[in-house]
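Structural description and commentary
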Amino acid sequence: MEQFEDKYHQYLNGEDAHETEWSDEDKAMQDFLEQASQLKVPGAVKSKAEIWQSITDEIADEPAKEVKTIQWGWICAIAASVMLLLVAGMAFFNSTDNQQELISHIVGEQALEVVALPDGSCVSMNSVSLLSYAKSDEQWNRTLDLKGEAFFQVKKGETFTVNTEFGTVKVLGTSFNVSTRNDVFAVSCKTGRVEVSFKDPSRPSEMLTKGQTVVFEKNEVQRKLTDTEKIGQWYEGTFHYEGRPVMEAFNEIERQYDIELEYEDKTIASRLFEGYFYKEDLNTSLSMICDAMGLSYTVEGRVVTIESNSK
Amino acid sequence: MTDNSFSKEDLQTCYDLYFDAIRNYVFFKVKDVALAEDIVQETFIKLWKKRTTIRKETVKSLLYTIANNTVINHFNHMKVVRNHEGQVIAAGGGQHNQSPQFVLEEKEFEVKLNTIINNIPEGSREVFLMNRIEQMKYTEIAERLNLSVKAVEKRMSKALVIIRENLGKKL
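All of the points below concern the structure found in this document. (Residues numbered from 1 in each chain as written. Chains lettered and ligands numbered in written order. Predicted model: local features only at pLDDT ≥ 70, side-chain atom pairs only at ≥ 80, totals over all residues. Heavy atoms only, no water.)

What about the nonpolar core?
Core analysis: the biggest nonpolar cluster contains 68 residues, and Val-26 and Phe-128 of chain B have the highest contact counts within it. By residue number, the principal contributor to this core is helix 1 (residues 8–30) of chain B, which donates 12 residues. Both domains that meet at this core, namely domain 1 (1–95) and domain 2 (97–171) of chain B, each give it at least three residues. Beyond its immediate chain neighbours, meaning those up to four positions away, Phe-128 of chain B contacts Phe-32, Leu-33 and Ala-36 of chain A together with Ile-117, Ile-120, Met-156, Ala-159 and Ile-163 of chain B. Val-107, Met-125, Ala-150 and Cys-189 of chain A belong to the second-largest nonpolar core, a separate cluster that totals 29 residues. (Core = buried A, V, L, I, M, F, W, Y, C linked by side-chain atoms within 4.5 Å. Buried < 20%, exposed > 50% of the residue type's maximum accessible area, 1.4 Å probe, protein only. Helix = DSSP H or I, 4+ residues; strand = E, 2+ residues; numbered from the N terminus. Domains from an automatic or database assignment. Contact = heavy atoms within 4.5 Å.)

Okay, structure coming up:
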């Protein structure tokens, strides 16, 4: 098998391979490879100039639009997060769209951050997350916006509200975890009581008590029980998954180590993963998942390729 | 912004230089011209948003990385949408049922060629087509995709094995 490919690598690389003996089967292969190089990519739907026009239209509104980017979707927010880090303060304070001044905490890849709120509550923010709230004491009102994931330890008092793009979490005084990643909204209650309401007003809100989790995805709400010790444990470096697509764990690794993942076969991503990984070094984390899932990985610079062992 | 920052002229230069290459690269992955064009557009917008962190020497491979991530994001999103609609799909990038409409003179062979190329998984297919259609050497592909030459070789080997199996089947 080795040899069969080796001589082709030379051939495909335009290196002289005249000493190689080609069999009939090889001739068919060569023919195929030659024909393949005659293929052409089909013509454009939009012209190069048209696309350039769209791009310049899109970027013309900066930097005021930079703030709006966050609302477009999490994916854009990630791309813009580095940029935002630099201009965040400026953009937020200068923006005419915002009536109130905001305090924003933006956490990039690899980082974790603890934020102390004005009322003495404490927020542990996971990598690639954004938290913002009103600067003035009158408007603060124990209300904040979250994208990404954070674990909250809330001082007893008035209602404390976390707004996300999927819905709202309200508590009095408790500790709980909120995660919005891709299209999944998950809230876990560690102590006390938590009320979760959704963007769609017709959907009934969910009341959570100690050890309960609610997951909202694909327009469905699921309730389950979670070991309270595991809730918010990511801050200590242990990430737990209970029958979730393994992609969620791999996406977390991308954020924790600032790397890019590739799947040799895209179906791998949706296989279900039950277990956990530690954040120590990249290889330890990757092998904890891969060993459990019958996968293997290769690291090349910033790119990690995940492969199925069975192939 | 500093003097060595990435200006709009730089963006336009990049666009002029790399548009075709990136468009083809994305097309090899997604097999759909209109979609590929949308992704290229998004890729350059994302590049612009990263402009404060760009090093000009690496902008080419950065473009490929951004394009690749945009494709992944697109299919992650599609997966959620389609799952929600209750359709059966093969999860992930490039696995949808559209076949690439390559243009080739010999009609008969074309069908077979397209069928076989469709059977090559995305990672190997993009590398294979970059080598064949764009006449790129392994070292060039490796550089563009920020991979090792060995990784490119591995992907090409996979493509070759699949081609051989498929040719044998039909002959």
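Now that the structure has been shown, the text picks up again.
Focus on the pattern of salt bridges
Counted under the stated rule, the structure contains 19 salt bridges over all chains. Linking Glu-264 of chain A and Lys-158 of chain B is a salt bridge whose minimum nitrogen-to-oxygen distance equals 3.4 Å. One end of the pair, Glu-264 of chain A, is in the loop between strand 15 (260–263) and strand 16 (272–278); the other, Lys-158 of chain B, is in helix 7 (residues 149–170), on a second chain. For Glu-264 of chain A, a relative accessible area of 12% corresponds to the buried category. Across the pair Lys-29 of chain B and Glu-126 of chain B runs a salt bridge, and its minimum N-O distance is 2.5 Å. (Salt bridge = Lys/Arg side-chain N within 4 Å of Asp/Glu carboxyl O.)

Focus on the sheet that holds strand 18 (residues 303–308) of chain A
Within a sheet, adjacent strands bond to each other through the backbone by hydrogen bonds, running parallel or antiparallel. Residues and elements named next belong to chain A. With mixed pairing, three strands are arranged side by side in an open sheet as 15-18-17. In the strand order of this sheet, the two ends are held by strand 15 and strand 17 (295–300), each with one partner. Sheet twist, expressed as the mean angle between neighbouring strand axes with direction ignored, is 25 degrees. Pairing of strand 15 with strand 18 involves four bridges; the strand directions are parallel. Bridge pairing in strand 18 places Leu-261 opposite Val-304. On top of the sheet, helix 7 (residues 246–257) reaches strand 15, strand 17 and strand 18; it is set at about 150 degrees to strand 15, its chief contact. (Pairing = 2+ DSSP bridges. Axes fitted to C-alpha atoms, helices over the stretch in contact; angles between N-to-C directions.)

So, the packing of helix 7 of chain A against helix 8 (residues 282–293) of chain A
All names here are of chain A. It is the contact of helix 7 with helix 8, at a shortest axis distance of 11 Å, that shows an interaxial angle of 175 degrees. On the basis of the axis angle, helix 7 is roughly antiparallel to helix 8. Note on element contacts: helix 8 touches helix 7 through Leu-282, Ser-285, Leu-286, Ile-289, Cys-290 and Met-293, opposite Val-246, Ala-249, Phe-250, Ile-253 and Tyr-257. Split into classes, the residues belonging to the contact of helix 7 with helix 8 amount to 10 nonpolar, one polar and no charged. (Parallel < 35°, antiparallel > 145°, perpendicular 65-115°, else oblique. Nonpolar A, V, L, I, M, F, W, Y, C, P; charged D, E, K, R; others polar.)

With respect to the packing of aromatic side chains
In the structure shown here, the tally under the stated rule is 19 aromatic pairs over all chains. Pairing Trp-52 of chain A with Tyr-15 of chain B gives two aromatic rings, centres 4.9 Å apart and planes at 40 degrees, and the pair type is tilted. With one member in each of two chains, Trp-52 of chain A in helix 3 (residues 48–60) and Tyr-15 of chain B in helix 1 form a pair that bridges those chains. When the ring of Tyr-15 of chain B is compared with that of Phe-19 of chain B, the centres are 5.1 Å apart and the planes differ by 50 degrees; the resulting orientation is tilted. (Phe/Tyr/Trp six-rings, centres within 6.5 Å; stacked < 30°, edge-to-face > 60°.)

Remarks on the packing of helix 3 of chain A against helix 1 of chain B
Look at helix 3 of chain A against helix 1 of chain B: their axes get within 12 Å of each other, and the N-to-C directions meet at 150 degrees. Considered as vectors, helix 3 of chain A and helix 1 of chain B are oriented roughly antiparallel to each other. Helix 3 of chain A and helix 1 of chain B meet at a crossing whose hand is right-handed. Every residue of helix 1 of chain B that contacts helix 3 of chain A at Lys-48, Ile-51, Trp-52, Ile-55, Thr-56 and Ile-59 of chain A is listed here: Lys-8, Leu-11, Gln-12, Tyr-15, Asp-16 and Phe-19 of chain B. (Left-handed = near helix turned anticlockwise from the far one by under 90°.)

Let's talk about the interface of chain B and chain A
Taken together, the contact between chain B and chain A spans 73 residues of the former and 60 residues of the latter. Across the interface of chain B and chain A, roughly 6500 Å² is buried in total on both sides, 64% from carbon and sulfur atoms. The largest per-residue losses of area from chain B upon contact with chain A belong to Lys-49, Arg-132 and Arg-164 of chain B, which jointly make up 12% of the total buried on that side. At the junction of chain B with chain A, the criterion picks out six salt bridges. Residue Glu-262 of chain A pairs with Arg-155 of chain B through a salt bridge whose shortest N-O separation is 2.4 Å. The interface formed by chain B and chain A contains 15 residue pairs in polar contact (both at pLDDT 80 or more). At the level of secondary structure, the elements contributing two or more residues to the side of chain B that touches chain A comprise helix 1, helix 2 (33–49), helix 3 (59–85), helix 4 (107–119), helix 5 (122–132) and helix 7 of chain B. Broken down by element, the residue count for the side of chain B that touches chain A peaks at 12 residues, all from helix 7 of chain B. The residue makeup of the side of chain B that touches chain A, split by class, is 32 nonpolar, 22 polar and 19 charged. (Buried area = accessible area lost by both parts, 1.4 Å probe. Polar contact = N/O pair within 3.5 Å; in protein donor to acceptor, adjacent residues only side chain to side chain.)

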